[in-house]
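Each chain, letter by letter, is given below.
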Amino acid sequence: MDHLAYMRLALAEARGSGQKGEVPVGCVVVLGDRLLARAGNCTISACDPSAHAEMVALRAAAKSLGNYRLNGAAVYVTVEPCAMCAGAMIQARIARLIYGCDDPKGGAVHTCFEIFSHPALNHRVEVLQGVLREECAQAMQSFFAARR
């Protein structure tokens, strides 16, 4: 599969979360050509502020591998990760982050903060942004427009 196919899987997770009343963010974790995990936001249903799509997917991927280090893995997420999720990716030693749209209110990779480029960190995450940007942004915009 390619970037577009994996991002479409993440979008499906996002849409599923949105249908449940969760903020529609979806995430897929891949190692080589193996899909390790996929998840959508579930902070409300889990009563867990850390249950962002990325965190849930990273936990599931680590269990799948039997290792908290996800060396060489790629994370596909529909929206730019927050500081918590970016930090978890560093701790997990994620190799690549591929995301859809920026998060102007909390993005910690490019928009509000640039956590991955902090000089004190001992791990670097390669970033590709803008994959299916319009579809990812539309999922968020539609969700919040319906709530207003």
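About the thresholds
- Residues numbered from 1 in each chain as written.
- Predicted model: local features only at pLDDT ≥ 70, side-chain atom pairs only at ≥ 80, totals over all residues.
- Heavy atoms only, no water.
- Helix = DSSP H or I, 4+ residues; strand = E, 2+ residues; numbered from the N terminus.
- Rg over C-alpha atoms; globule rule 2.2 N^0.38 Å.
- Buried < 20%, exposed > 50% of the residue type's maximum accessible area, 1.4 Å probe, protein only.
- Contact = heavy atoms within 4.5 Å.
- Areas by Shrake-Rupley, 256 points an atom, 1.4 Å probe, with all protein chains shown as cover.
- Pairing = 2+ DSSP bridges.
- Phe/Tyr/Trp six-rings, centres within 6.5 Å; stacked < 30°, edge-to-face > 60°.
- Core = buried A, V, L, I, M, F, W, Y, C linked by side-chain atoms within 4.5 Å.
- Disulfide = S-S within 2.5 Å.
- Expected span 1.5 Å × (residues − 1).

K.L.:
Quick question: what am I supposed to make of the overall build of the protein here?
P.N.:
Helix and strand counts for the protein stand at four helices and five strands. Secondary structure of the protein in N-to-C order comes out as α-β-β-α-β-α-β-β-α. By the compact-globule yardstick of 15 Å for 148 residues, the protein fits well, its C-alpha radius of gyration being 14 Å. In terms of overall dimensions, the protein has C-alpha extents of about 45 × 30 × 30 Å along its principal axes. For the protein, the proportion of its 148 residues judged to be buried stands at 46%. The contacts in the protein between residues at least 6 apart in sequence include a share of 57% that link residues at least 24 apart. Total accessible area on the protein is roughly 7,500 Å²; 54% of this is exposed by carbon and sulfur atoms.

K.L.:
Hey, could you run me through the pairing of strand β1 (residues 26–31) in this one?
P.N.:
Most of β1 sits inside the fold, with five of its six residues counted as buried. The pairing of β1 with strand β2 (residues 34–40) spans six bridges and is antiparallel. Bridge assignment links G26 to a residue of β2, and that residue is G40. Linking β1 to β2, which pair antiparallel, is a turn of two residues; within it G32 sits at a positive phi near 65°.

K.L.:
Just checking my understanding: could you explain the packing of aromatic side chains for this structure?
P.N.:
Each aromatic ring pair is described using two quantities: the centre-to-centre distance and the angle formed by the ring planes. Tallied over the full model, the rule gives two aromatic pairs. Measuring from centroid to centroid gives 5.1 Å for Y6 and Y76, while their planes differ by 35°, and the two rings are tilted. In this pair, Y6 is assigned in helix α1 (residues 3–19) and Y76 in strand β3 (residues 74–79), connecting sequence segments 70 residues apart. Both residues of the pair, Y6 and Y76, belong to the buried class. A centroid spacing of 5.0 Å and a plane angle of 85° characterise the contact between F143 and F144, whose relative ring orientation is edge-to-face. Given the relative accessible area of 12%, F143 is considered buried. According to the relative accessible area criterion, F144 is partly exposed, its value standing at 32%.

K.L.:
Looking at this structure, I do not really get the nonpolar core. What am I missing?
P.N.:
A general trend in soluble globular proteins is that nonpolar side chains are found buried together. Formed by 48 residues in total, the largest nonpolar core has its most connected members in V29, I94 and L97. Residues contacting V29, with those up to four places away along its chain left out, are R34, L35, L36, A37, A57, L58, A61, A73, A74 and V75.

K.L.:
Where do I start with the state of the cysteines in this structure?
P.N.:
As used in these notes, a disulfide is a covalent bond between sulfur atoms, one from each of two cysteines. Evaluated as defined, the whole model comprises zero disulfides. Looking at C47, it has no disulfide partner, and the nearest cysteine sulfur is the one in C42, 10 Å off. Of all cysteine sulfurs in the structure, the one in C136 sits closest to C101, which takes part in no disulfide; the separation is 5.5 Å. Residue class for C101 comes out buried when judged on its relative accessible area of 6%.

K.L.:
Is there a simple way to explain helix α2 (residues 53–65) in this structure?
P.N.:
For the α-helix, the turn length of 3.6 residues means that residues three or four positions removed from each other point alike. In this model α2 runs 18 Å from its N-terminal to its C-terminal C-alpha over 13 residues, within 8% of the 18 Å that 1.5 Å per residue would give. Among the structural elements, β1, β2, β3 and α3 (83–92) are those in contact with the buried residues of α2. Positive backbone phi, approximately 75°, marks G66, located one or two places after α2.

Read these as layout, nothing more, since geometry by itself doesn't imply function.
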